[in-house]
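Coordinate analysis (summary)
Each chain is listed here by its residues.
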Amino acid sequence: GSFVGRPASQEELASWRGVLAGYDHWSSAVPLLREYYSRHGFGITSRNSALRWSKGGFEEATEGGLACNYVPGAPDTQGAVHLSATNPTSFLSPPTAAAAGSMCSTVLTALQTPYDALAENTLRHCAGLPAHHAVVCGLPGAGKSWLLWEGTLLAGKEAGLRVIEVPPAELPNILDIARGCARYPRVHFILVTDHVDLPLKGQVAADLVSGSGGSGASGWPSNTLLYLGASASSTVSRSDPVVSRCPLVVPLMGLQDEEAFLQAAGEMLAAKQQEVRAAAAPADGGGGGSSGSESGTVLSGELREAALAWGKQQGLSVRSAAVFARSCV
């Protein structure tokens, strides 16, 4: 059957309420309610694209309203959705904060190739096509957490994806969590666990290998994928039984030199400046003019020298570039 779409935005919910309030009898509103549940689902998964597993069940994470709007009862034929621009702090935040609406609509040049690989897999999953469990690995500060959290949601949110944070301490319960997702067969889920020390050992490894090896009623649910973020100290090998269950291994090479660091810092700074302008536009009654993102991409003069000094002190990484860009706004 069909899968549910993204959760309704606040504006959409207000529109639904307004239409429903116009009915004299609730029975007349039943077709509209059925349309709502068909589009967005019901229960906790209908309210947010970002969830977490805690104390044996799902709970909501905070995730901003990033979707386009439509009128209840009308075809959903809107064009491209506008997502808020990069908040550099999202590169530094833990997963729960990364899902808190600081969505990055600008994929860094340095992360474009790994983003494309994971996004293609994510979209195949959301389309009901064969897709793979994945492992994301790389150097500290290379952008693994951004790719796992915001990159995955950026790729799949409009296609109805729900991303679920699974703390590493909850990995022993991963099969129970997957079965919890199976209770919502019309929703596509991706379980994301970051900072996992590979290779896994003991019962956790055995459960992952056995549970992810099959599908159907007795195995891993077809509406759920697992994305693992390998810790910096991990050894990622395709001979590892757990990694072998994750055919998609996405390595992040990090920033290779000073020019790559300057480009990353400039792209994040430009995106942050664009976000500030966009937030101010309604108050100015504006909305016209160019995005201006290109003009802030190349750092020059004192700003370039300051960025280089920071990179040499803190390391030439995506994380340190994000800290620098944040300090400039």
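From a predicted model like this one, the values you see are computed outputs, not experimental measurements. (Residues numbered from 1 in each chain as written. Predicted model: local features only at pLDDT ≥ 70, side-chain atom pairs only at ≥ 80, totals over all residues. Heavy atoms only, no water.)

Examining the packing of aromatic side chains
Summed over all chains, the structure comprises eight aromatic pairs. On the basis of an interplanar angle of 85° and a centroid distance of 5.2 Å, the ring pair of Trp16 and Tyr36 is categorised as edge-to-face. Of this pair, Trp16 sits in helix 1 (residues 10-21) while Tyr36 sits in helix 2 (residues 30-40); the two residues are 20 residues apart in sequence, bridging distant segments of the chain. Residue Trp16 shares its accessibility class with Tyr36, and that shared class is buried. Ring geometry for Tyr184 and Phe189: centres 6.2 Å apart, planes at 65°, overall edge-to-face. Summarising the burial analysis for this pair, Tyr184 and Phe189 share the class buried. Taken together, the ring pairs connect Phe42, Trp53, Phe58, Tyr184 and Phe189 into an aromatic cluster. (Phe/Tyr/Trp six-rings, centres within 6.5 Å; stacked < 30°, edge-to-face > 60°. Helix = DSSP H or I, 4+ residues; strand = E, 2+ residues; numbered from the N terminus. Buried < 20%, exposed > 50% of the residue type's maximum accessible area, 1.4 Å probe, protein only.)

Some details on empty space enclosed by the protein
Throughout the structure, instances matching the rule amount to two cavities of 30 Å³ or more. Here the second largest cavity is characterised by a volume of approximately 30 Å³. Mapped by element, the contributors of at least two residues to the lining of the second largest cavity are helix 4 (112-126) and helix 5 (144-156). When the residues that make up the lining of the second largest cavity are grouped by side-chain class, the tally is five nonpolar, three polar and no charged. (1 Å grid on protein atoms, 1.4 Å probe; cavity = no way out; pocket = protein on both sides within 12 Å on 5 of 7 lines; lining within 4 Å. Points joined across faces, edges and corners; volume = space filled by probe spheres on them. Nonpolar A, V, L, I, M, F, W, Y, C, P; charged D, E, K, R; others polar.)

So, the layout of surface pockets
In this model, the largest pocket occupies a volume close to 340 Å³. Every residue lining the largest pocket is counted, 20 residues in all, and those nearest its centre are Ala131, Pro221, Ser222, Thr224 and Leu225.

Thoughts on unusual backbone geometry
At the junction of Leu198 and Pro199, the peptide bond is cis and its omega measures out at 5° in the coordinates. Despite not being glycine, Lys55 shows a phi value in the positive range, around 55°. Tracing the backbone shows Lys55 in the loop between strand 1 (50-54) and strand 2 (57-60). One non-glycine residue, His195, lies in positive phi territory at about 60°.

What to know about the side chain of His188
Checked against the element boundaries, His188 lands in strand 5 (residues 188-196). A distance of 3.1 Å separates a polar side-chain atom of His188 from the backbone oxygen of His125. At 3.3 Å, the side chain of His188 forms a polar contact with the backbone oxygen of Cys126. When neighbours within four sequence positions are excluded, His188 is seen to be in contact with Phe3, His125, Cys126, Gly128, Gly160, Leu161, Arg162 and Asn223. (Polar contact = N/O pair within 3.5 Å; in protein donor to acceptor, adjacent residues only side chain to side chain. Contact = heavy atoms within 4.5 Å.)

Description of the nonpolar core
Core analysis: the largest hydrophobic core is formed by 41 residues, its most contacted members being Tyr115, Leu118, Leu147 and Tyr227. Tallying contributions element by element places helix 5 first for this core, with seven residues. Leu51, Tyr184, Leu208 and Val243 belong to the second largest nonpolar core, which has 33 residues in total. (Core = buried A, V, L, I, M, F, W, Y, C linked by side-chain atoms within 4.5 Å.)

Comments concerning the sheet that holds strand 3 (residues 134-138)
The strand order across the open sheet formed by seven strands is 2-1-4-5-6-3-7, and the pairing between neighbours is mixed. Two strands bound the open sheet, and with one partner strand each, they are strand 2 and strand 7 (248-252). Geometrically, the sheet is characterised by an average inter-axis angle of 25° between neighbouring strands, direction not taken into account. With six bridges joining them, strand 5 and strand 6 (residues 224-230) adopt parallel strand pairing. The residue of strand 6 that forms the bridge with Leu191 is Leu226. (Pairing = 2+ DSSP bridges. Axes fitted to C-alpha atoms, helices over the stretch in contact; angles between N-to-C directions.)

Interpretation note: all reported values are geometric properties and have no functional meaning in isolation.
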